[in-house]
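# Tertiary structure, described
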2 protein chains.
Amino acid sequence: MARSHNFSAGPTALPLEVLRQAHEEFFDFAGTGMSVMEISHRSEVFMELAYQAEQDLRAILQVPSQYKVLFVQGGASLQFAQVPMNLLGDKGTADYLHTGLWSGKAIQAAQRYCDVRIAASSKASGFDRIPAVTDWNLNPNAAYLHYTENETVHGVQFAGAPCVSVPLICDACSSLLSKPIDVAKHGLIYAAAQKNMGPAGLTIVIIDAALLDAALEVTPDILNYAHIANAQSMLNTPATFPWYLTGLTLKWIQRCGGIEKIHQTNQAKAELLYRTIDYSGGFYRNSVQAPFRSINNVPFVLADTAFEKDFLRLADQSGFKGLKGHASVGGVRASIYNAVTLLAVEALTDFMKDFARVHG
Amino acid sequence: MARSHNFSAGPTALPLEVLRQAHEEFFDFAGTGMSVMEISHRSEVFMELAYQAEQDLRAILQVPSQYKVLFVQGGASLQFAQVPMNLLGDKGTADYLHTGLWSGKAIQAAQRYCDVRIAASSKASGFDRIPAVTDWNLNPNAAYLHYTENETVHGVQFAGAPCVSVPLICDACSSLLSKPIDVAKHGLIYAAAQKNMGPAGLTIVIIDAALLDAALEVTPDILNYAHIANAQSMLNTPATFPWYLTGLTLKWIQRCGGIEKIHQTNQAKAELLYRTIDYSGGFYRNSVQAPFRSINNVPFVLADTAFEKDFLRLADQSGFKGLKGHASVGGVRASIYNAVTLLAVEALTDFMKDFARVHG
């Protein structure tokens, strides 16, 4: 079986072990004589699977007990609306950090529901950094502060969770489960599964139960975090197969040695890529300031853009998939989520060096 | 491989042929060297799959060209809110038919956004019929009339789409693709996939393009039908694996001979079950009026309820799964969606007859 090296920004590679287990029990899950896709979400066997996935996520991220973990649909883009709908209460205003394309989208969606204040922005410098905390203009009366832990398009990432006086909301879409996160510092964390956790169709929300009482009147019950939490994420039929695969991936993370070990591997992968770029004699370039370079998405350009098309074509032919940069910025992007192996990154850096040698 | 007979109300049985194909190409979809779950929704190969699924759905249901077909997340329960949010315009009121548990939920969700008028209800008679059209109290100024084509819990179904002067909205969750539907009579039809189309996590919306301009200000962009249609259902990452499996199921429906043939088989399955109930000498009972009996969900009770527990236990042991009635009504329910074979229904009716003989 020839597997491609998958550097897609998501949906993307799943751990081969996880795929193998799903393949193995595809027609008969847990002795039911049915695929896991075919069983009721209210059956004992699925309820147990769902419970186990939550427990494993809680263990891996050390989620404090007062936090609820929700398994929902709709992706981060639905959270962009669901967060203000659920958390504004009577505040009428929220703070946002603008650090790239995705935080920009979160801001746009929130503006429908409140007065959005941009506490800080790195737009002027082309989203090449996280603005210095000393430059943040925080509103102590904001309903919350929203930040995007990792900017998937611009490849910019926070070094750690900021400390603020209002509830801290984190879009951790492309980084959750790729590195430790201090849940207790946050009011709410959300992430779609299709980066480091599973296939598309599932979104995880981790929310401090203290925030479950501030939904705007316009919030549909089905999007109300309090109702979802009360129903153990089964107000209606959840995305059962993505939930199942995410559960398998959580077990895989534990077998890998947990989140610290996963993080070390991800750091090694990122380091290798950035080193290859930085030591390419200017052939490749990544312009994000070093402390803020993402370990999840490594965007770069070829100094001579004339070679870019050839690079992408040849890479694709050589089995390196999904390397085209986001349409809004162009260039190249290597997304190196959990299931992308160090071996795959080594193969890619070898390819990059060869390409630079031939065309440089 | 011992497969159970799956009578679950959803998620439920998928066609074995579909599962086999998905299993076959699980690690390498269309020569990509990746699982279909691992490829970008914006890749050529996925875009082609997505397009093909839409074309097949259009062909099977003869969807007129001025209708958009959307592939979204969130299930019917999100549509309960999304429909009024998107279609009310400045009307402020909508008509609903109350024919069972699910239309009741649709009504409750809509009340957040408008003055809901119950045009007709069969609540007084225990949801045993569709109210006679002559008794409907329709408002010509309503934004739309909403009906639930098939009530999954109560087993009540419309014989055909009503003719009304306002846009007609159909919750076809448990019946879409199980029988023909006259799309042109409707303003909008929605259905979650996990009954007759695929696994949980995907919802199909078929909407007349003329209705794309009436969203309330509170509607999030990500839930706005017009925006979704403009982006070919890819405003953000869709549920790619359910989309793929639904695509395979659409091909399977075509191989079965199309929607008329599927309908004939479903009618035969339902007929066999109702006959077994009606000719059981009162051992089993279904109290829905004959013209409105569902071909998708056949709920029944045992006249002597003392045997119910034994019936369900013995059925489960004999490989008949998912027969427990909905928590709100109890009893037994056989859901006989597209992928449930006539053979499986025959086996179930044999079991029912045996059980009645022994316990009757």
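Summarised in this report is the structure supplied together with it.

## As for the relation of the copies chain B and chain A
Overlaying chain B on chain A yields an RMSD of 0.0 Å, the required transformation being a rotation through 180° with an accompanying axial translation of 0.0 Å. Classification of the inter-copy transformation places it as that of a two-fold axis. Looking at chain B, 100% of its interface residues are interface residues in chain A too, so the copies touch through the same face.

## Some remarks on the pairing of strand 10 (residues 203-208) of chain A
Residue and element names in this part refer to chain A. The buried count for strand 10 comes to six of six residues, which makes it a mostly enclosed element. Both faces of strand 10 are covered, namely the face carrying Thr-203, Val-205 and Ile-207 and the face carrying Ile-204, Ile-206 and Asp-208. Here strand 2 (residues 67-72) pairs with strand 10 via six bridges, running antiparallel. Residue pairing for strand 10: Val-69 is matched across the bridge by Ile-206.

## Here we look at the nonpolar core
Ranked by size, the top nonpolar core spans 120 residues in total, and within it Leu-61, Leu-177 and Ile-206 of chain A together with Leu-61, Leu-177 and Ile-206 of chain B carry the most contacts. Sequence-distant contacts of Leu-61 of chain A, defined by excluding residues within four places in its chain, comprise Leu-176, Leu-177, Ile-181, Val-183, Ile-206 and Ile-259 of chain A. Ranked by size, the runner-up nonpolar core spans 62 residues in total, among them Leu-88 of chain A together with Ala-76, Leu-87 and Leu-88 of chain B.

## Quick word on the sheet that holds strand 14 (residues 332-335) of chain B
Residues and elements named next belong to chain B. Taken in spatial order, the three strands of this open sheet run 11-12-14, and their pairing is antiparallel. The strands lining the two open edges of the sheet, one partner per strand, are strand 11 (284-285) and strand 14. Sheet topology note: the strand 11/strand 12 (residues 297-302) ladder contains two bridges and is antiparallel. Residue pairing in the sheet places Tyr-284 in a bridge with Leu-302 of strand 12.

## Section: helix 4 (residues 101-110) of chain A
Among all positions in helix 4 of chain A, only Leu-101, Ser-103, Ala-106, Ile-107 and Ala-110 of chain A are buried. Buried residues belonging to helix 4 of chain A abut helix 3 (75-87), strand 3 (93-98), strand 4 (115-121), strand 5 (145-148) and strand 6 (150-151) of chain A.

## Thoughts on the environment of Gly-75 of chain B
Within the secondary structure layout, Gly-75 of chain B lies in helix 3 (residues 75-87). On the basis of relative accessible area, Gly-75 of chain B is assigned to the buried category, the value being 7%. When the C-alpha atoms of Gly-75 of chain B and Ala-59 of chain B are compared, they prove to be 23 Å apart, with 16 residues separating the residues in sequence. The residues touching Gly-75 of chain B, leaving out its near neighbours within four places in the chain, are Gln-73 and Asn-236 of chain A together with Ala-192 and Thr-203 of chain B.

## Focus on helix 8 (residues 308-317) of chain B
Residues and elements named next belong to chain B. Every buried residue of helix 8 is accounted for by Glu-308, Phe-311, Leu-312 and Ala-315. Down the axis of helix 8, the smallest arc covering the buried residues is 90°, so these residues share one side. Exposed residues pointing more than 90 degrees away from the buried face of helix 8 are listed as Lys-309 and Gln-317. For helix 8, the elements touching its buried residues are strand 11, strand 12, strand 13 (320-321), strand 14 and helix 9 (342-359).

## With respect to the packing of helix 2 (residues 44-61) of chain B against helix 6 (residues 240-256) of chain B
All names here are of chain B. Packing of helix 2 against helix 6 leaves a shortest axis separation of 9 Å and a crossing angle of 40°. Looking at the two axes, helix 2 sits oblique to helix 6. Judged by the sense of rotation from one axis to the other, the crossing of helix 2 with helix 6 is left-handed. In this structure, helix 2 contributes Phe-46, Leu-49, Ala-50, Gln-52, Ala-53, Asp-56, Leu-57, Ala-59 and Ile-60 to the contact, and helix 6 contributes Thr-240, Trp-243, Tyr-244, Gly-247, Leu-250, Lys-251, Ile-253 and Gln-254. Looking at side-chain class alone, the contact of helix 2 with helix 6 contains eleven nonpolar, four polar and two charged residues.

## Concerning the packing of aromatic side chains
This structure, assessed with the given rule, holds 42 aromatic pairs over all chains. Judged by centre distance (5.7 Å) and plane angle (85°), the rings of Phe-26 of chain A and Phe-27 of chain A are edge-to-face. There is no split in this pair, since Phe-26 of chain A and Phe-27 of chain A are both buried. Taking 4.4 Å as the distance between ring centres and 10° as the angle between the ring planes, the aromatic pair formed by Phe-71 of chain B and Trp-243 of chain B counts as stacked. Of this pair, Phe-71 of chain B sits in strand 2 (residues 67-72) while Trp-243 of chain B sits in helix 6, and the two are 172 residues apart along the sequence. For the pair shown, Phe-71 of chain B and Trp-243 of chain B are each scored as buried. Site record: aromatic cluster; members linked through ring pairs are Phe-7, Phe-283, Tyr-284, Phe-300, Phe-307, Phe-311, Phe-320, Phe-351 and Phe-355 of chain A. Note that Lys-105 of chain A overlies the ring of Trp-102 of chain A, its terminal NZ or CZ placed 4.9 Å from the centroid.

## What to know about the sheet that holds strand 2 of chain B
Residue and element names in this part refer to chain B. Spatial ordering of the open sheet is given by 2-10-9-8-5-3-4, a layout of seven strands whose pairing is mixed. Strands with a single pairing partner mark the edges of an open sheet, and in this sheet they are strand 2 and strand 4 (115-121). If you compare each strand with its neighbour and ignore which way they point, the axes differ by 20° on average. The sheet contacts of helix 2 involve strand 2 and strand 10 (203-208), and relative to strand 2 the element is tilted by about 130°.

## Overview of unusual backbone geometry
One can expect most non-glycine residues to show negative phi and most peptide bonds to be in trans. With an omega dihedral of -5°, the bond running from Gly-10 of chain A to Pro-11 of chain A counts as a cis peptide bond. As for its position among the elements, Pro-11 of chain A is in the loop between strand 1 (5-6) and helix 1 (16-24). Phi at Leu-177 of chain B takes a positive value of approximately 75°, unusual for a residue other than glycine. With respect to the helices, strands and loops of the structure, Leu-177 of chain B is situated in the loop between strand 8 (168-171) and strand 9 (188-192).

Definitions and limits used
Residues numbered from 1 in each chain as written. Chains lettered and ligands numbered in written order. Predicted model: local features only at pLDDT ≥ 70, side-chain atom pairs only at ≥ 80, totals over all residues. Heavy atoms only, no water. Least-squares fit on C-alpha atoms with pLDDT ≥ 70 in both. Contact = heavy atoms within 4.5 Å. Buried < 20%, exposed > 50% of the residue type's maximum accessible area, 1.4 Å probe, protein only. Helix = DSSP H or I, 4+ residues; strand = E, 2+ residues; numbered from the N terminus. Pairing = 2+ DSSP bridges. Core = buried A, V, L, I, M, F, W, Y, C linked by side-chain atoms within 4.5 Å. Arc of directions from axis to C-beta. Axes fitted to C-alpha atoms, helices over the stretch in contact; angles between N-to-C directions. Parallel < 35°, antiparallel > 145°, perpendicular 65-115°, else oblique. Left-handed = near helix turned anticlockwise from the far one by under 90°. Nonpolar A, V, L, I, M, F, W, Y, C, P; charged D, E, K, R; others polar. Phe/Tyr/Trp six-rings, centres within 6.5 Å; stacked < 30°, edge-to-face > 60°. Lys NZ or Arg CZ within 6 Å of the ring centre and 35° of its normal.

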